[in-house]
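# Survey of secondary and tertiary structure
Listed here are the chains, written in short residue letters.
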Amino acid sequence: MGKVHESITPRLRAFCEAQHVFFVATAPDGPGGHVNVSPRGVGGTFVVLDERTVAWADLTASGSETIAHLRQNGRVTLMFCAFEGPPNIVRLHGHGRFVTIYDEGFDALAALFPETRGVRAVIVVDVERVSDSCGYGVPLMTYAGERDLLPQLMDRKGPDGQAEYRRRKNRTSIDGLPAFDMDPLPDGAGDGPVVPT
């Protein structure tokens, strides 16, 4: 049934990269914080870099829980499920970091992805545990296509509109932790980027 692997094997890499959606789980330190689970599924936003490293393009959206939790403790788990073909579930446990649109090295990382409209950061995960399990309880579902709503929305907003949106929606997590607070303030509203705490 379940098996722990030494690394992301070529078979597991092919499986992960073929899935149309994956799930990201993070949590803050201490009692009382909210565990976050987010689906990721915009085509062209996930890549396996090597047998121990994966990355995805983190698009601007209504929340920023993953970044908040990575800032605090770095812990992250990714889960991929087979909804078509032979059953399988793959989990990648590790520690993540993020490289924002304002950071050195962002352009090189962003070039790995065919879809970057609305990207605010690239999340890079150093994978420490790789496992798969049967997936017998995961239903068969037919893939009908991509929803291009989020990239189109962010494209229409443009860089300034995206930054304004992030300032309103992404500065803190639902638990009040610092999240994506790196966007510069509008002209005349301050002295530049908000410094992360």
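Scroll up for the structure.
Below you will find a few notes about this structure. Because the structure is predicted, anything quoted here is derived from the model rather than measured.

When helices and strands are counted, the protein shows four helices and eight strands. Helices (α) and strands (β) of the protein occur, in sequence order from the N terminus, as β-α-β-β-β-β-α-β-β-α-β-α. Oriented by its inertia axes, the alpha-carbon framework of the protein measures out at about 60 × 40 × 30 Å. Put simply, the protein has 197 residues, and 44% of those count as buried. Total accessible area on the protein is roughly 10,300 Å²; 55% of this is exposed by carbon and sulfur atoms.

Another aspect to go through is the environment of Arg166. On the secondary structure map, Arg166 appears in helix α4 (residues 149-169). A C-alpha to C-alpha distance of 8.6 Å links Arg166 and Gly63, two positions 103 residues apart in sequence. Those residues in contact with Arg166 that sit more than four places away from it in its chain are Thr60, Ile101, Tyr102, Val119, Arg120, Arg171, Phe180 and Asp183.

The next point concerns the side chain of Ser7. With respect to the helices and strands, the residue Ser7 is situated in the loop between β1 (3-5) and α1 (10-18). Not counting residues within four places of it along the chain, the set of residues in contact with Ser7 comprises Leu12, Glu51, Arg52 and Val130.

Quick look at the nonpolar core now. Ranked by size, the top nonpolar core spans 26 residues in total, and within it Phe46, Val54, Trp56, Leu78, Phe80 and Leu92 carry the most contacts. Of all the elements in the fold, those that place two or more residues in this core are α1, β2 (22-26), β4 (46-50), β5 (53-59), α2 (65-72), β6 (75-81), β7 (89-100) and β8 (119-133). Sort the elements by how many residues they give to this core and β8 lands first, with five residues. The residues touching Phe80, leaving out its near neighbours within four places in the chain, are Phe15, Cys16, Gln19, Phe22, Phe46, Asn88, Ile89, Val90 and Leu92. Counting residues in each nonpolar core, the second largest holds twelve residues, with Ala55, Ala57, Phe106 and Val124 among its members.

Glancing now at the packing of aromatic side chains. For the coordinates displayed, the defined rule picks out four aromatic pairs. Both rings, one in Phe22 and one in Phe46, keep their centres 5.0 Å apart while their planes meet at 55 degrees; by these two values the pair is tilted. A residue pair is termed long-range when its members are at least 10 positions apart, and Phe22 in strand β2 and Phe46 in strand β4 qualify at 24 residues. The residues Phe22 and Phe46 share a single accessibility class, namely buried. Between Phe22 and Phe80 the ring centres are 5.1 Å apart and the planes differ by 20 degrees, which places this aromatic pair in the stacked class. With Phe22 in strand β2 and Phe80 in strand β6, this pair connects stretches of sequence that are 58 residues apart. Neither residue differs from the other here; Phe22 and Phe80 are each classed as buried. Three or more aromatic residues link up through ring pairs in this structure, and these residues are Phe22, Phe46, Trp56 and Phe80.

Throughout the structure, instances matching the rule amount to zero disulfides. As a non-bridged cysteine, Cys16 has Cys81 as the owner of its nearest cysteine sulfur, 10 Å distant. The exposure class assigned to Cys81 is buried, which follows from its relative accessible area of 5%.

In this section: the pattern of salt bridges. For the coordinates displayed, the defined rule picks out ten salt bridges. Between Glu17 and Arg13 there is a salt bridge, with the nearest N and O atoms lying 3.5 Å from each other. With a gap of four residues between them, Glu17 and Arg13 both fall in helix α1, about one helical turn apart. Assessed through its relative accessible area of 37%, Glu17 is described here as partly exposed. Residue classification places Arg13 among the partly exposed residues on the basis of a relative accessible area of 31%. One salt bridge in this structure joins Asp29 and Arg75, with 3.5 Å as the shortest N-O distance. Placement of Asp29 in the loop between β2 and β3 (36-40) and of Arg75 in strand β6 is noted, with a sequence separation of 46 residues between them. With a relative accessible area of 42%, Asp29 lands in the partly exposed category.

About the thresholds
Residues numbered from 1 in each chain as written. Predicted model: local features only at pLDDT ≥ 70, side-chain atom pairs only at ≥ 80, totals over all residues. Heavy atoms only, no water. Helix = DSSP H or I, 4+ residues; strand = E, 2+ residues; numbered from the N terminus. Buried < 20%, exposed > 50% of the residue type's maximum accessible area, 1.4 Å probe, protein only. Areas by Shrake-Rupley, 256 points an atom, 1.4 Å probe, with all protein chains shown as cover. Contact = heavy atoms within 4.5 Å. Core = buried A, V, L, I, M, F, W, Y, C linked by side-chain atoms within 4.5 Å. Phe/Tyr/Trp six-rings, centres within 6.5 Å; stacked < 30°, edge-to-face > 60°. Disulfide = S-S within 2.5 Å. Salt bridge = Lys/Arg side-chain N within 4 Å of Asp/Glu carboxyl O.

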